[in-house]
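Tertiary structure, described
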Amino acid sequence: MERTETERAVLRRAVAADAPAVAEVWLRSCAAALPGVRRAHSDDAVRAWFRDVVVPERETWVADADGEIAGLMVLHGPRELDQLHLAPERRGQGLGDRFVALAKERRPGGLALWTFQVNRPAQRFYLRHGFRERCRTDGRDNEEREPDVRYVWLPEG
């Protein structure tokens, strides 16, 4: 049986040359999934953040589908799943599942993340992967001022 394009995508650590494509996936993903959420930074500021901070300083992974960046995941610190974004046309094809499995492998002691309350598909996704809601906020502590939800995954046992 031939593998699908998504199954052939390679999950690998991002390198500096990936930063522009990673930023574009993030921008496209946010525009598609969160059209009503106020963006705190310009597109150029987001691109600079990925180039100067995220890719060089954080554990950044990409889904490389034949040279095209189809998704990204950023782990930060001992437990934080800081970013998980897919190109809009790649949603629902299993890449997110592969990224979460990798995150659990990389952080076997547990993971935590934030997602916006309006992002119901993300909430269903994380619940399906064993994350549990820890708390909800009114958004006053995030740059977007958008109500959010904290999720935590702990290994069984």
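Further up the page is the structure itself.
These lines cover the structure that appears in this document, whether it is placed above or below. All values derive from a computational prediction rather than experimental measurement.

Turning our attention to the overall build of the protein. Summing up its helical and strand segments, the protein has 5 helices and 7 strands in all. Counting from the amino terminus, the protein carries its helices and strands in the arrangement α-β-α-α-β-β-β-α-β-α-β-β. For a compact globule of 157 residues, the expected C-alpha radius of gyration is about 15 Å, and the protein comes in at 15 Å, within 12% of that figure. Residue pairs in contact within the protein that sit at least 24 positions apart in sequence constitute 64% of those at least 6 positions apart. Surface summary for the protein: the accessible area is close to 8600 Å², and the carbon and sulfur share equals 50%.

Tallied over the entire structure, the rule returns 15 salt bridges. With a closest N to O distance of 2.9 Å, Arg51 and Asp52 form a salt bridge. Classification of Arg51 as partly exposed rests on a relative accessible area of 48%. Residue Asp52 is classed as partly exposed on the basis of its relative accessible area of 41%. Each of the salt bridges in this network shares a partner with another, and the network as a whole consists of Arg12, Asp18 and Asp64.

Secondary-structure assignment places Phe99 in helix H4 (residues 95-106). When near neighbours in sequence (up to four residues on either side) are disregarded, Phe99 contacts Leu11, Trp61, Val62, Ala63, Gly71, Leu72, Met73, Leu84 and Leu86.

Further remarks concern the nonpolar core. By size, the foremost hydrophobic cluster in this structure holds 25 residues, and its most contacted members are Met73, Leu81, Leu84, Phe99, Leu111, Tyr126 and Phe131. Of all elements in the fold, only strand E2 (59-65), strand E3 (68-76), strand E4 (80-86), H4, strand E5 (111-116), helix H5 (120-128) and strand E7 (148-153) reach the threshold of two or more residues within this core. Among the elements that make up this core, the one with the highest residue count is H4 (5 residues). In this structure Leu111 touches Leu75, Arg79, Leu81, Ala103, Lys104, Phe131, Tyr151, Val152 and Trp153, once residues within four positions along its chain are discounted. Ala19, Cys30, Val55 and Ile69 belong to the second-largest nonpolar core, a separate cluster that totals 16 residues.

Relative to the assigned elements, Asp64 resides in strand E2. A distance of 3.1 Å separates polar atoms of two side chains, one belonging to Asp64 and the other to Arg12.

Cut-offs and rules
- Residues numbered from 1 in each chain as written.
- Predicted model: local features only at pLDDT ≥ 70, side-chain atom pairs only at ≥ 80, totals over all residues.
- Heavy atoms only, no water.
- Helix = DSSP H or I, 4+ residues; strand = E, 2+ residues; numbered from the N terminus.
- Rg over C-alpha atoms; globule rule 2.2 N^0.38 Å.
- Contact = heavy atoms within 4.5 Å.
- Areas by Shrake-Rupley, 256 points an atom, 1.4 Å probe, with all protein chains shown as cover.
- Salt bridge = Lys/Arg side-chain N within 4 Å of Asp/Glu carboxyl O.
- Buried < 20%, exposed > 50% of the residue type's maximum accessible area, 1.4 Å probe, protein only.
- Core = buried A, V, L, I, M, F, W, Y, C linked by side-chain atoms within 4.5 Å.
- Polar contact = N/O pair within 3.5 Å; in protein donor to acceptor, adjacent residues only side chain to side chain.

Fair warning: the whole summary comes from geometry, so function is off the table for now.
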